[in-house]
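Residue-level listing of the chains:
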Amino acid sequence: MKGNGNTQLTYRLLLAVDIQGYSKRDTREQLLAQRQLSDALDHAARGVGLDRGRWEKQVGGDGELATLPDGIDPAPVAGDFVIGLAEALREVNRDAGRFRLRVRLSLHHGTLTAGPFGPAGDAPIVVQRLLDAAPLRRLLVDEADRDLAYVVSDSLFEDVVRTGFCALPPQAFQAIKVTAKGAAFRGHILTGRAARSSGRDGAGGERGGPDGGSAPGARVLDFPALASR
């Protein structure tokens, strides 16, 4: 998908990520945070067999909006990728200085088309509105030891997470509804913390079954109440 003036509509998986408290850092600390986040995303992508070099990115100082290539299986991205990112953030923050790297992440699949300033359409708007949702921000405010706050769109939750092929079980998520600029956006926030169990040695292990049970090798810890409506 190139911004060459064509108006072809495509259906793609989108990911948006943002660093919490970025503006409070000085220039050197901002640069460090950018590098750490890029490395963490690379680590998580490699864990599910993806190359971030093939992602179409619209970057800002504190994060990015990425459109993943056509044909990507959304289940590993919605589950194993997120677990891998959480692991990478925990590793980065073992030796954190004045600031820990804490991020918000949103995921959605939908229609878009290329434009000269980035993707246009409903999908980029949905993924960005969910990234900015107050309940998602509140997770990082209320839980000082949380490194990752993660939300999926309502359609991705229904089409992917609830199938049981995602490494994160659907009962680990809580529904939210947010209103922005006169429009309502629905999503599901992971209210626990995802981690890989010691019995799993890679992202290619079995998924949970369609009964919605927890996927083998994934565990979700502590489920705090979330005021989301």
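Now for a quick tour of the structure. Nothing here was measured: the structure is a model prediction, and the numbers come from that model. (Residues numbered from 1 in each chain as written. Predicted model: local features only at pLDDT ≥ 70, side-chain atom pairs only at ≥ 80, totals over all residues. Heavy atoms only, no water.)

Section: helix H4 (residues 134-142)
The criterion, for reference: Burial here depends on accessible area, computed with a 1.4 Å probe over protein chains only, as a share of the maximum for the residue type. Under 20% is buried, over 50% is exposed, and the range in between is partly exposed. Secondary structure is summarised from DSSP: a helix means a run of H or I of at least four residues, a strand means a run of E of at least two, and numbering begins at the N terminus for each. Throughout, the arc means the angular range of directions from the helix axis out to the C-beta atoms. The contact definition used throughout considers only heavy atoms, calling two residues in contact when any of these lie within 4.5 Å.
Listing the buried residues of H4 in full gives Pro-135, Leu-136, Leu-139 and Leu-140. Taken around the axis of H4, the buried residues stretch over an arc of 150 degrees, which confines them to a single face. For H4, exposure combined with an orientation more than 90 degrees from the buried face picks out Val-141 and Asp-142. Looking at the packing, one finds that the buried side of H4 touches strand S4 (103-112), helix H3 (122-131), strand S5 (148-153), strand S6 (173-180) and strand S7 (183-190).

Re the nonpolar core
Convention followed: In this description, a nonpolar core means a group of buried Ala, Val, Leu, Ile, Met, Phe, Trp, Tyr and Cys residues linked to one another through side-chain atoms lying within 4.5 Å.
Leu-68, Phe-81, Leu-85, Leu-105, Leu-107, Tyr-150 and Phe-173 are the most contacted members of the largest nonpolar core, which totals 44 residues. At the level of secondary structure, the elements contributing two or more residues to this core comprise strand S1 (10-19), helix H1 (27-47), helix H2 (74-92), S4, S5 and helix H5 (154-159). Every residue in contact with Phe-173, bar those within four places of it in the chain, is listed here: Tyr-150, Val-152, Phe-157, Val-161, Leu-168, His-188, Ile-189 and Leu-190. Membership of the second largest hydrophobic core comes to twelve residues, among which are Val-126, Leu-130, Ala-133 and Ile-176.

Comments concerning the sheet that holds strand S3 (residues 63-67)
Heads up, the rule is: One bridge is not enough; two strands pair if DSSP finds at least two bridges between them. Throughout, an axis means a line fitted to C-alpha atoms (over the contacting stretch in the case of helices), and angles, computed between N-to-C directions, take values from 0 to 180 degrees.
One open sheet holds the seven strands; their spatial order is S2-S3-S1-S4-S5-S7-S6, and the pairing between them is mixed. Where the open sheet ends on each side, the last strands, each with one partner, are strand S2 (56-60) and S6. Shown here is a sheet whose adjacent strand axes are inclined to one another by a mean of 25 degrees, direction ignored. Pairing of S1 with S3, which is carried by five bridges, proceeds in the antiparallel orientation. Bridge pairing links Val-17 to Glu-64 in S3. Packing against the sheet, H3 makes contact with S1, S3, S4, S5, S6 and S7, and its axis sits at approximately 160 degrees to S4.

By themselves, these figures tell us nothing about what the structure is for.
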